[in-house]
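Structural overview for review
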Amino acid sequence: MSTASWHVEGSRLAAYARGDVDDAEAFSVEAHIVGCPSCQDQVTTFIDPERLEASWLEVIDTLDAPQPGFVEGLLIRLGVAPHVARLLGVTPSLTASWLGAVAIALAVAVAGAHQGERGLALFLCIAALAPVAGVAAAFARGIDPTHELSLAAPMSSVRLLLLRTVAVVGATLALTVIGAVALPGLSWTAAAWLLPALGLTLASLSLSTYIAHTTAFAAVSGVWLAATVASAARPEDAVAMFDGMVQVVSLAVIAGGAAVLIRRRESLDGWSAR
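Report on the accompanying structure. Since this is a predicted model, take the numbers as computed values, not measurements.

Thresholds applied
Counting restarts for each chain: residues are numbered from 1 in the order of the written sequence. With pLDDT at 70 or above as the cut-off, local features in this predicted model cover only qualifying residues; side-chain atom pairs require 80 or more to be listed or tallied, and sums for whole chains, interfaces and linings still use all residues. Just so you know, side-chain values use all the structure's heavy atoms and leave hydrogens and water out. Labels follow the DSSP assignment, with helices taken as runs of H or I lasting at least four residues and strands as runs of E lasting at least two, numbered in each case from the N terminus. Throughout, a residue-residue contact means that at least one pair of heavy atoms, one from each residue, lies within 4.5 Å. Each axis is a line fitted through C-alpha atoms, and for a helix only the stretch in contact is used; angles between axes span 0 to 180 degrees, taken between their N-to-C directions. Should an angle lie under 35 degrees it is considered roughly parallel, over 145 roughly antiparallel, and from 65 to 115 roughly perpendicular; all remaining angles are considered oblique. Two helices cross in a left-handed way if the nearer one is turned anticlockwise from the farther one by less than a right angle. They cross in a right-handed way if the turn is clockwise. Each residue receives one of three labels: charged for Asp, Glu, Lys and Arg, nonpolar for Ala, Val, Leu, Ile, Met, Phe, Trp, Tyr, Cys and Pro, and polar for the others, Gly being one of them. Every helix has an expected span of 1.5 Å times one less than the residues it contains. When accessible area is computed with a 1.4 Å probe and restricted to protein chains, residues below 20% of their type maximum are described as buried, those above 50% as exposed, and intermediate ones as partly exposed. Only one rule defines a salt bridge in this text: a Lys or Arg side-chain nitrogen within 4 Å of an Asp or Glu carboxyl oxygen. Here the nonpolar core consists of buried residues drawn from Ala, Val, Leu, Ile, Met, Phe, Trp, Tyr and Cys, with membership extended through side-chain atoms lying within 4.5 Å. Here a Phe, Tyr or Trp ring, Trp counted by its six-membered ring, pairs with any other such ring whose centre lies within 6.5 Å, and the pair is stacked when the planes are under 30 degrees apart, edge-to-face when over 60, and tilted otherwise. The patches described consist of residues with a relative accessible area above 30% and no salt bridge, like charges being joined within 9 Å and nonpolar side chains (Val, Leu, Ile, Met, Phe, Trp, Tyr) within 5 Å. Here the open area of atoms and residues is found with the Shrake-Rupley method and a 1.4 Å probe, where only the protein chains shown may cover a residue. Note that the arc is defined by the directions from the helix axis to the C-beta atoms.

Turning our attention to the overall build of the protein chain. When you go through the protein chain residue by residue, the secondary structure sums to 13 helices and zero strands. Sequence-ordered secondary structure for the protein chain, helices as α and strands as β, is α-α-α-α-α-α-α-α-α-α-α-α-α. A sequence separation of at least 24 residues applies to 70% of the contacts in the protein chain between residues at least 6 apart.

This part covers the packing of helix α1 (residues 10–18) against helix α3 (residues 37–44). Orientation of α1 relative to α3, taken along the N-to-C sense of each, is 60 degrees, at an axis distance of 9 Å. As far as their axial angle goes, α3 and α1 are oblique. Pair α1 / α3 crosses with right-handed handedness. Between α1, through Gly-10, Leu-13, Tyr-16 and Ala-17, and α3, the contact on the second element is made entirely by Cys-39, Gln-42 and Val-43. Among the residues forming the contact of α1 with α3, the class breakdown is five nonpolar, two polar and no charged.

Turning next to helix α11 (residues 194–207). Taking 1.5 Å per residue as the helical rise, α11 with its 14 residues ought to reach 20 Å, and the 20 Å between its terminal C-alpha atoms agrees with that figure. Restricting attention to buried positions, one finds in α11 the residues Pro-196, Ala-197, Gly-199, Leu-200, Thr-201, Leu-202, Ser-204, Leu-205 and Ser-206.

It is worth spelling out the pattern of salt bridges at this point. A complete count under the given rule lists one salt bridge for this structure. Between Arg-12 and Glu-25 there is a salt bridge, with its nearest N and O atoms 3.9 Å apart. Within this pair, whereas Arg-12 is found in helix α1, its partner Glu-25 is found in helix α2 (residues 23–33), the two being separated by 13 residues in sequence. In this structure Arg-12 comes out as partly exposed when scored by relative accessible area, which is 30%.

This part is about the side chain of Ser-206. Take Ser-206: it is sitting in helix α11. Given the relative accessible area of 10%, Ser-206 is considered buried. Not counting chain neighbours up to four residues away, the residues in contact with Ser-206 comprise Gly-257, Val-260 and Leu-261.

Moving on: the environment of Arg-265. Looking at the element boundaries, Arg-265 is found in the segment after α13 (244–263). We classify Arg-265 as partly exposed; its relative accessible area is 45%. Distance from Arg-265 to Ser-206, taken between C-alpha atoms, is 9.2 Å for residues 59 residues apart in sequence.

Position of Thr-201 among the secondary structure elements: in helix α11. For Thr-201, the contacting residues outside a window of four places in its chain are Pro-131, Val-132, Val-135, Thr-165 and Val-169.

Turning our eyes to something else, we now look at the nonpolar core. Ranked by size, the top nonpolar core spans 45 residues in total, and within it Phe-123, Leu-124, Leu-183, Trp-193, Leu-200 and Trp-224 carry the most contacts. Per element, the largest residue contribution to this core is twelve residues, and it comes from helix α8 (residues 117–138). In contact with Leu-200, not counting residues within four places along its chain, are Ala-128, Leu-129, Val-132, Val-220 and Trp-224. One finds Val-21, Val-29, Cys-36 and Cys-39 within the second-largest nonpolar core, a separate group that totals twelve residues.

Further remarks concern the packing of aromatic side chains. One pass over the structure, following the stated rule, counts one aromatic pair. Taking the centre distance of 5.5 Å and the plane angle of 80 degrees together, the rings of Trp-224 and Phe-242 count as edge-to-face. Linking Trp-224 in helix α12 (residues 213–232) with Phe-242 in the loop between α12 and α13, this pair joins segments that are 18 residues apart in sequence. Classification of Trp-224 by relative accessible area gives buried; the value is 8%. Taking the relative accessible area as the measure of exposure, Phe-242 reaches 1% and is therefore buried.

Let us look at a nonpolar patch on the surface. A grouping of Met-245, Val-248, Val-249 and Val-253 is seen on the molecular surface, where their side chains present a nonpolar patch of about 350 Å² in accessible area. Mapped onto the secondary structure, Met-245 falls in helix α13.

Attention now goes to α12. Along its 20 residues, α12 runs 28 Å from first to last C-alpha, staying within 8% of the 28 Å computed at 1.5 Å per residue. The set of residues buried in α12 consists of His-213, Ala-216, Phe-217, Val-220, Ser-221, Trp-224, Thr-228, Ser-231 and Ala-232. Projected onto a plane normal to the axis of α12, the buried residues spread over an arc of 115 degrees and lie on a single side. In α12, the exposed residues that point more than 90 degrees away from the buried face are Ala-218, Val-223 and Val-229. Taken together, the buried residues of α12 touch α8 and α11.

Here is the structure:
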């Protein structure tokens, strides 16, 4: 620095413009030229236009880069690769609005369960269908704003399907467990929805290897709703759809659905495009 003129020497300005000064010298130069028009004009003569353009582009990229959402940030903290977390984070059924809607539906059902056995049947029905609805929504053209981008993602559609399915089912099950804890008189019925939920999800996925996935999910959900409503109408046992025999059948469906998915995994390629 030139203490006589209080201006930065030309050689120092040139070194600063090239990036050939240490951090302490750079801070000192910057502190001066911020309030010195003369040095500002002089330093511009030393700046490489290409380096300046690159610096501006880096600044713009940093400012314009999308900030990770809650789900994406949580997945990254859990060790999920950033590009995978980004694909999962934009899943429609992993957004705050979707999970909030599921939580509200479960809360209403819990309140109903405190009113009687039919209310408990309502909770169990919603708990079993929530993961199915979440997986169906994860790849619905009309719901997913990134549907086309997901198809062009640098990974197989099978892997993306399975990753999103696991994420959606996991998040939904976590919410349902919280709701189940709030049920009156905790008993085996608090967990009676779990095996049917997994069975319905796998049944829908395996059926979608033969027909359009929207039709598959709608058909499975419709049959389950009809059976649950018919069961709830029985005055002697409103939760008969969740008794021991149904649990055994659910286990069989889980095993069968998994076997079909493994055998027909090639049919899942391009599944979300149908």
